[in-house]
Amino acid sequence: MTQDELKQAVAQAAGDYVAKHAPAGSVIGVGTGSTANFFIDVLAGIKHQYRGAVASSEATRMRLESHGITVFDLNDVDHMPVYVDGADEIDGGLNMIKGGGGALTREKIVAAVADTFVCIADTSKRVGTLGSFPLPVEVIPMALAHVSRELAKLGGRPVLRKNFVSDNGNLIIDVHGLRIADPQGLETKINQIAGVVCNGLFALRPANVLLLGTADGVLTIP
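Just so it is clear, the structure is predicted and the values come from calculations on it, not from any experiment. (Residues numbered from 1 in each chain as written. Predicted model: local features only at pLDDT ≥ 70, side-chain atom pairs only at ≥ 80, totals over all residues. Heavy atoms only, no water.)

Caption draft 1: Focus on the packing of aromatic side chains. For the coordinates displayed, the defined rule picks out two aromatic pairs. On the basis of an interplanar angle of 65 degrees and a centroid distance of 5.0 Å, the ring pair of tyrosine 83 and phenylalanine 117 is categorised as edge-to-face. Of this pair, tyrosine 83 sits in strand 3 (residues 80-85) while phenylalanine 117 sits in strand 6 (residues 114-122), placing them 34 residues apart in sequence. The burial state of tyrosine 83 is the same as that of phenylalanine 117; both residues are buried. Ring plane angle 80 degrees and centroid distance 6.4 Å describe the contact between phenylalanine 117 and phenylalanine 202, whose orientation is recorded as edge-to-face. Separated by 85 residues along the polypeptide, phenylalanine 117 in strand 6 and phenylalanine 202 in strand 11 (residues 201-202) bring together distant segments of the chain. (Phe/Tyr/Trp six-rings, centres within 6.5 Å; stacked < 30°, edge-to-face > 60°. Helix = DSSP H or I, 4+ residues; strand = E, 2+ residues; numbered from the N terminus. Buried < 20%, exposed > 50% of the residue type's maximum accessible area, 1.4 Å probe, protein only.)

In structure tokens form, the structure reads like this:
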């Protein structure tokens, strides 16, 4: 199977999961990225069952609306049973690196509200230890130099993501060369650096369920 075929398979599995676990009339949280886009296309087929969705980025909002799916501001939603999103890396504890598309802060906020975080990914994203994929860190522009120095002290090589501004008007530093043995500890430590808005470690709030696309079908973990 091609990578797109694997993404399509896990997107369909996520649609089945949502149909089974999200009550009719609820609002669904939707992530950002290529795999999430496949899920949006699947969600369009069952949109009549739900009030609408919360988008984790402007790109996701536009894709949802193009399918006629109502998009709610998160502040207007008091309960969200499921959030579905992809990952750039995911380990055996369902800790993730996310933010390759630059939407990490909004993704983390939407995930925090949802009862269940369903990660959809193909086997290329499954790793033993996080860190081969550069860790995105969203920063306030005036703090760029300071945050870069502090990230270097943690053993990484910070690189400014060129020609990119987040939906929140901030910059992204991609930290290369990390081997993340303690995802929760590193997530906390980076968040404490003055000027950091958010980092792409999803370990304090990891996925609850991983739908993993493999050549033999979609595995549900745990």
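Following the structure, the description resumes.
Caption draft 2: Up close: the pattern of salt bridges. A complete count under the given rule lists nine salt bridges for this structure. Its salt-bridge partner being arginine 63, residue aspartate 41 comes within 3.0 Å of it at the nearest N-O pair. Here aspartate 41 is found in helix 2 (residues 34-43), whereas its partner arginine 63 is found in helix 3 (residues 58-66), with 22 residues between them in sequence. Note on aspartate 41: relative accessible area 32%, which makes it partly exposed. Overall, the relative accessible area of 30% leaves arginine 63 in the partly exposed class. Among the salt bridges present, the one from lysine 98 reaches aspartate 85, with a minimum N-O distance of 2.7 Å. Of the two residues, lysine 98 sits in the loop between strand 5 (96-97) and helix 4 (104-113) while aspartate 85 sits in strand 3, which places them 13 residues apart along the sequence. (Salt bridge = Lys/Arg side-chain N within 4 Å of Asp/Glu carboxyl O.)

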